[in-house]
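Take a look at the letters that make up each chain.
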Amino acid sequence: MRITVTVDGTTYTDEVEPRQLLVHYLRERLGKVGTVVGCDTSNCGACTVHLDGHSVKSCSVLAVQADGGEVTTIEGLARDGTLHPVQQAFHDNHALQCGFCTPGMIMQSIDLLADNPDPDERAVREGLEGNLCRCTGYQNIVRAVRDAAGHMRGGAGPEAEQVRETRNVVGGGN
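Residues numbered from 1 in each chain as written. Predicted model: local features only at pLDDT ≥ 70, side-chain atom pairs only at ≥ 80, totals over all residues. Heavy atoms only, no water.

The name recorded for the protein in an unreviewed UniProt entry is (2Fe-2S)-binding protein, from Actinophytocola gossypii.

Written out as structure tokens, the structure reads:
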């Protein structure tokens, strides 16, 4: 099947197998290896990307379902060598240990902050409950998300702004 999808601002047209998962398309065809394969069952969230402004677990989305859509991966967040505020907050707050879950955690955190720009600790934990970390105990992750929220209020950064704008156009968000 032929698909056309915009990934991190670049449009690609490719032939894909109808059963190919988005995560494998991103990694194997486009080289977007920051989107990791964790469990292949949508339990861990390590493969989280944004599809048309919403976070999705790319191991549970077929590449053909992204046809005509816009995908943002962890590689598409930094602008001109500057980390996205959530990426920076994860770095500043040591919100990773092995780093395997980090791309998915960051992508889900951006989605969370687009919905709730000032989450308390409970809201952060609930917003990230579909993403697993087996190393950190989540304290620093929660701290990083709340720190990013403080930096992003009033100017959520280009990716969160894009998420919000897409949701408004589609009618699914604030």
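Okay, back to it.
## As for the packing of helix H2 (residues 85-92) against helix H5 (residues 139-152)
It is at 8 Å that the axes of H2 and H5 come closest, and there the two elements cross at 135 degrees. The angle between H2 and H5 places the two elements in the oblique class. As for the relative orientation of H2 and H5, their crossing is right-handed in sense. Here Pro 85, Val 86, Ala 89 and Phe 90 of H2 lie close against H5, whose contacting residues are Ile 141, Ala 144, Val 145, Asp 147, Ala 148 and Met 152. Residue composition of the contact of H2 with H5, grouped by class: nine nonpolar, no polar and one charged. (Axes fitted to C-alpha atoms, helices over the stretch in contact; angles between N-to-C directions. Helix = DSSP H or I, 4+ residues; strand = E, 2+ residues; numbered from the N terminus. Parallel < 35°, antiparallel > 145°, perpendicular 65-115°, else oblique. Left-handed = near helix turned anticlockwise from the far one by under 90°. Contact = heavy atoms within 4.5 Å. Nonpolar A, V, L, I, M, F, W, Y, C, P; charged D, E, K, R; others polar.)

## Examining the nonpolar core
Ranked by size, the top nonpolar core spans 23 residues in total, and within it Val 86, Phe 90, Met 105, Ile 106, Leu 113, Ile 141 and Val 145 carry the most contacts. Residue contributions to this core peak at seven residues, all from H5. Not counting residues up to four positions away in its chain, the partners in contact with Ile 106 are Ile 74, Leu 77, Val 86, Gln 87 and Phe 90. Judged by nonpolar contacts, the second largest core, of 16 residues, contains Ile 3, Val 56, Val 64 and Ala 66. (Core = buried A, V, L, I, M, F, W, Y, C linked by side-chain atoms within 4.5 Å. Buried < 20%, exposed > 50% of the residue type's maximum accessible area, 1.4 Å probe, protein only.)

## As for the pairing of strand E1 (residues 2-7)
Across six bridges, E1 lies against strand E2 (residues 10-15) in antiparallel orientation. The partner of Ile 3 across the bridge, within E2, is Asp 14. Sheet topology places E1 next to strand E5 (residues 70-72); two bridges connect them, and they run parallel. Looking across to E5, one finds that Val 7 is bridged to Val 71. (Pairing = 2+ DSSP bridges.)

## Comments concerning the sheet that holds E2
The mixed open sheet is built from five strands, whose spatial order is E2-E1-E5-E3-E4. Looking at strand neighbours, the two that pair on one side only are E2 and strand E4 (54-57), the edges of this open sheet. Across the sheet, the axes of successive neighbouring strands diverge by a mean angle of 35 degrees, strand direction being ignored. Relative to E4, strand E3 (residues 48-51) runs antiparallel, the two sharing four bridges. Note that in E4 the partner of Thr 48 across the bridge is Lys 57. With respect to the sheet, helix H1 (residues 22-29) is in contact with E1, E2, E3 and E5, its orientation differing from that of E2 by roughly 105 degrees.

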